[in-house]
Amino acid sequence: MTTPPYELVVLDLAGTTVVDDGIVEAAFARAWDRVQATDQGRAAALQHVRDTMGQSKIEVFRALVDEDTAQELNTAFERAYRELIDDGKCEPIPGAEDTIRALRARGLKIAFTTGFAPTTAKAILKSLGWKDLADVVLTPEDAGRGRPAPDLPLSAVIRTRTSSVAAMVVVGDTESDAGSGRAAGAGLVVGVLTGSRSAETLTAAGADLVLGSVAELPAALP
């Protein structure tokens, strides 16, 4: 069977198109200190956050604490992340914006997906001047479930009226990104090494191709 021409590129934010030099961990540490106010369990909680990069943040917190505390942590995390954005900690991956514009110039639709809440996603895009760079921006609140479930990329296909899942490319820096793209039936799943995961980890999670950076994507697509 011939692979249809690609129509849609689904791009993760933090670690894929936006630099994550520990900003997620820093935001969680602030949130933990404000809500829990104890070192007990803090190190293990931070490790869990590292291990679940790319996943819906509220689901990450639910695995650590009871529902009420998870909601408090999530609210505190989103506030802390926006504080770090305001402190100038939000920067694009080098070449990311040029890549996205090049893909759009080729007629491809662009979707941004993230495990953050909508308010944080909007704050990131506003900080970078990317408000109108994508055709759609999706969070777990918009799609239903976060990664590694297929909801985010499948919602992108529907929202952009892409002809089939096989015409979609999913790009991300974590095994959750790769697993989500694979579960959604994406025609191509691409891992990038600008996060904290190795090529071996991304490939094992379902990536068809691993690139050094999203900046290499245009040359890698037919």
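What counts as what
As a convention, each chain's residues are numbered from 1 in the sequence order in which they are written. For a predicted model such as this one, the threshold for reporting local features is a pLDDT of at least 70, and the threshold for listing and counting side-chain atom pairs is 80 or more; totals across whole chains, interfaces and linings nevertheless cover every residue. To get the side-chain values, all heavy atoms of the structure are used, and hydrogens and water are removed first. In this description a helix means any DSSP run of H or I spanning at least four residues, a strand means any run of E spanning at least two, and both kinds are numbered starting from the N terminus. Per-residue accessibility, obtained with a 1.4 Å probe over protein chains only, is compared with the maximum for each type, and a residue is labelled buried under 20%, exposed over 50%, and partly exposed between these values. For the purposes of this section, nonpolar cores are sets of buried Ala, Val, Leu, Ile, Met, Phe, Trp, Tyr and Cys residues that join through side-chain atoms within 4.5 Å. The contact criterion used throughout is that any non-hydrogen atoms of two residues lie within 4.5 Å. By definition, a salt bridge exists where a carboxyl oxygen of Asp or Glu is found within 4 Å of a side-chain nitrogen of Lys or Arg. One fewer than the residue count of a helix, multiplied by 1.5 Å, yields its expected span.

Enquirer: Please clarify how the environment of Ala149 should be interpreted in this entry.
Expert: Looking at where Ala149 falls in the secondary structure, it is placed in the loop between α7 (140-143) and α8 (151-159). Ala149 sits in the buried class, given a relative accessible area of 14%. As for Ala149 and Ser196, which are separated by 47 residues in sequence, their C-alpha atoms are 21 Å apart.

Enquirer: Looking at this structure, how should I read the nonpolar core?
Expert: Val9, Tyr81, Phe112 and Leu217 are the most contacted members of the largest nonpolar core, which totals 55 residues. A per-element tally of this core places helix α4 (residues 67-86) first, with eight residues. Dropping the residues within four chain positions of it, Tyr81 is found in contact with Ala14, Ile23, Val24, Ala27, Phe116, Thr120 and Ile124.

Enquirer: Teacher, can you tell me more about the pattern of salt bridges here?
Expert: When their charged atoms lie close together, side chains carrying opposite charge are able to pair. This structure, assessed with the given rule, holds 14 salt bridges. The salt bridge involving Asp177 is made with Arg147; its shortest N-O contact spans 2.8 Å. Pair noted here: Asp177 is in helix α9 (residues 175-183) and Arg147 is in the loop between α7 and α8, with a separation of 30 residues, a long-range link. For the pair formed by Asp177 and Arg147, the shared burial category is buried. Within this structure, Arg30, Arg34, Glu83 and Asp87 form a network of salt bridges that share partners.

Enquirer: I'm lost on α4 in this one. Help?
Expert: Residues lying three or four places apart along an α-helix face the same way, a consequence of the helix completing one turn every 3.6 residues. End to end, α4 covers 29 Å across 20 residues, agreeing with the expected 28 Å (1.5 Å per residue, within 8%). Of all the residues in α4, the buried ones are Thr69, Ala70, Leu73, Asn74, Ala76, Phe77, Glu78, Ala80, Tyr81, Leu84 and Ile85. Looking one or two places after α4, you find Gly88, whose phi comes out positive at around 85 degrees.

Geometric values such as these leave the question of function open.
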